[in-house]
Structures are given as C-alpha cells and as structure tokens.
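Structural overview for review
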Amino acid sequence: MSRLLDLLEEERRKLNQLGVASLKQAIPLWDNPEVQEQSRKVDELVARISKIKARHDRVVR
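The structure reproduced in this document is the subject of the present report. Since we're looking at a predicted model, the values are computed, not measured.

So, how was this worked out
- In every chain, residue numbers begin from 1 and rise along the written sequence.
- Only residues with pLDDT of at least 70 get local features here, since the model is predicted, and only at 80 or more are side-chain atom pairs given and counted; chain-wide, interface and lining totals rely on the full set of residues.
- Only heavy atoms go into the side-chain values, all of them from the structure, while hydrogens and water stay out.
- Here a helix means four or more residues in a row that DSSP labels H or I, a strand means two or more in a row labelled E, and each is numbered from the N terminus.
- Each residue is assigned to one of three classes by its accessible area relative to the maximum for its type, calculated with a 1.4 Å probe on protein chains only: buried under 20%, partly exposed between the two thresholds, exposed over 50%.
- Take a side-chain nitrogen of Lys or Arg and a carboxyl oxygen of Asp or Glu: if they are within 4 Å of each other, that pair is a salt bridge.
- As used here, the term nonpolar core means buried Ala, Val, Leu, Ile, Met, Phe, Trp, Tyr and Cys residues forming a set that is joined through side-chain atoms within 4.5 Å.
- Contact criterion: two residues are considered in contact whenever any of their non-hydrogen atoms come within 4.5 Å of each other.

1. Some details on unusual backbone geometry
At Ala 26, a position not held by glycine, the phi torsion is positive, near 60°. For Ala 26, the position within the fold is in the loop between helix H1 (2–24) and helix H2 (33–60).

This is the structure in structure tokens:
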C-alpha cells in the first residue's frame, strides 16, 4: 500500500507540473492531451487505493 501511495504522489506531482506548464502556454487543461492522460493515471491510482482501503475496512470491522 505504501508503494501505491508513493506512486500516487509522484503521478500527482507530474500532473501538477504538466498543468502549470499548460497554463503558462495558455493551453486549457481540457485541450492538453498530456494533462488528460496524466489525469487518467492519477484517477486510476486513486480508484485502486480506494478499493484496497474499502476491502481493508470490511475485514477490520
């Protein structure tokens, strides 16, 4: 789980960097395919972590 959280943090940093660069170039975030792809990666990791946490919560209770 710790590895997934570290990976999520790294992917979020990349997303933030891409977003800032896109905005500096006056490219809307929704028009930047790199930002959209990175956002999907972050979303997938968040979903995986949420599933793991939900499974863990069911086992603990």
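2. Looking at the environment of Leu 45
Considering the arrangement of structural elements, one finds Leu 45 in helix H2. On the basis of relative accessible area, Leu 45 is assigned to the buried category, the value being 7%.

3. Quick look at the pattern of salt bridges
Evaluation of the coordinates by the stated rule reveals four salt bridges. Ionic pairing is found between Arg 13 and Glu 9, a salt bridge with its closest N-O pair at 4.0 Å. With Arg 13 and Glu 9 both in helix H1 and four residues apart, this pair spans about one turn of that helix. Judged by relative accessible area, Glu 9 falls into the partly exposed class, the value being 40%. Between Arg 40 and Glu 37 there is a salt bridge, with its nearest N and O atoms 3.4 Å apart. One end of the pair is Arg 40 and the other is Glu 37, both in helix H2 and three residues apart, which spans about a single turn.

4. A closer look at the nonpolar core
Core analysis: the biggest nonpolar cluster contains five residues, these being Leu 4, Leu 8, Val 42, Leu 45 and Ile 49. Listing elements by their share of this core, those giving two or more residues are H1 and H2. Counting residues per element, this core draws most heavily on H2, which supplies three residues. For Leu 45, the residues in contact, after removing those within four places along its chain, are Leu 4, Leu 7, Leu 8 and Glu 11.

5. Considerations on the environment of Pro 28
Mapped onto the elements, Pro 28 comes out in the loop between H1 and H2. A relative accessible area of 26% means that Pro 28 is categorised as partly exposed. Remark: the alpha-carbon pair of Pro 28 and Glu 11, spanning 17 residues in sequence, is separated by 20 Å.

Honestly, that's just the spatial picture; any functional story needs more than this.
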